[in-house]
Structures are given as C-alpha cells and as structure tokens.
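Close look at the chain arrangement
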Amino acid sequence: PRFACDPNNGNPIGFAPNALLTPIDAFEMFDEDGSGNINEDEFYFVLEYLKLEVSDANQERLFLKYDKDQSGEIDYDEFRQIWLAVADVKKELTDRGVDVPKFASRKKLERILEKCLDEEEE
C-alpha cells in the first residue's frame, strides 16, 4: 500500500510511529548474522536493550533452560518464552491498549499477551 506523507512531520498519513518495541523487533536487531538464532552474549544485550531486570545468574539459567538442544544459541520462539516469563506483563498489555483484568493470574495475563504478540507478528 502507498501512503501520502504528512508535510509537517514526514510520517505517512494515518500512521502513528509506535514506541512499542516488540520482542521480535529486539531479537531481529541483535541477530546480527540473520541466522534466526542468538547466542548467550546477544541474549544478554537483548534483555538489557528491552530494559528487563534480570540478574547475570538468572540470565545464564534462563538461557541454558531454553537452549534445549544445547547449541549455545536460542531461536525466536525460545526467546519469546523467556520474554513472556520475565516481562512486566501488565505494563506490556497496558502499553498495547489492552484492558487488564483486575483479578487475572499472571499465567492468564501471559496468555493474553501471547495472543497480542501473535497478532503483532502476523
């Protein structure tokens, strides 16, 4: 589709820049060789870039837990599971304009957020 540009800011008309950085955006940014995988060092930088507060020991534990084939790398699906486990789920849902159910468990909120990610990544 073609967009007409707003002469005031150069943005396409009807398009608002999105300040929301999705996990796939960050993953792709740090997957420098485009292999579809990130190593433990890249994983550390992705978490730092996403401002996720995870201790060094916990980062290593998470990486090893999700690096199921012990290749020293994780793919996006594995990374996404880690992100869901450590992200501020309520904030992520609120940032996406989702009404957060008051008494929902963290697991339920993670499932709602996962559906949001599915839609964003289509």
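Residues numbered from 1 in each chain as written. Predicted model: local features only at pLDDT ≥ 70, side-chain atom pairs only at ≥ 80, totals over all residues. Heavy atoms only, no water.

With respect to the packing of helix α4 (residues 76–86) against helix α6 (residues 106–120)
For the pair α4 and α6, the least separation of the axes is 10 Å and the interaxial angle reads 135 degrees. Judged by the inter-axis angle, α4 sits oblique to α6. Between α4 and α6 lies a crossing whose hand is right-handed. Facing R80, Q81, W83, L84, A85 and V86 of α4, the residues of α6 in contact are R106, E110, L113, E114, L117 and D118. Among the residues making up the contact of α4 with α6, the classes are represented as 6 nonpolar, 1 polar and 5 charged. (Axes fitted to C-alpha atoms, helices over the stretch in contact; angles between N-to-C directions. Helix = DSSP H or I, 4+ residues; strand = E, 2+ residues; numbered from the N terminus. Parallel < 35°, antiparallel > 145°, perpendicular 65-115°, else oblique. Left-handed = near helix turned anticlockwise from the far one by under 90°. Contact = heavy atoms within 4.5 Å. Nonpolar A, V, L, I, M, F, W, Y, C, P; charged D, E, K, R; others polar.)

What about the environment of L21?
Relative to the assigned elements, L21 resides in the segment before α1 (23–30). The residues touching L21, leaving out its near neighbours within four places in the chain, are A26, M29, Y49 and L50.

Digging into unusual backbone geometry
Positive phi outside glycine occurs at K51, with the angle close to 60 degrees. Mapping K51 onto the fold places it in the loop between α2 (40–49) and α3 (56–66). You can call K51 exposed: its relative accessible area is 69%. One non-glycine residue, Q70, adopts positive backbone phi at about 55 degrees. You can see Q70 is positioned in the loop between α3 and β2 (73–75). (Buried < 20%, exposed > 50% of the residue type's maximum accessible area, 1.4 Å probe, protein only.)

As for the confidence of the model for the protein
Averaged over all residues, the pLDDT of the protein equals 84, while 84% of them reach at least 70. Taken together, the stretch residues 11–18 has pLDDT below 50 and engages in 11 contacts with residues farther than four places along the chain or on a different chain. (pLDDT = per-residue confidence, 0-100.)

Brief notes about the nonpolar core
One finds F43, F79 and W83 to be the most contacted residues of the largest nonpolar core, which totals 27 residues. Within the residue set of this core, elements represented by two or more residues are α1, α2, α3, α4, α5 (89–95) and α6. Looking at this core element by element, the count peaks at 5 residues for α4. If near-sequence neighbours (up to four positions away) are discounted, F43 is found in contact with I38, Q59, L62, F63, I74, F79 and I82. (Core = buried A, V, L, I, M, F, W, Y, C linked by side-chain atoms within 4.5 Å.)

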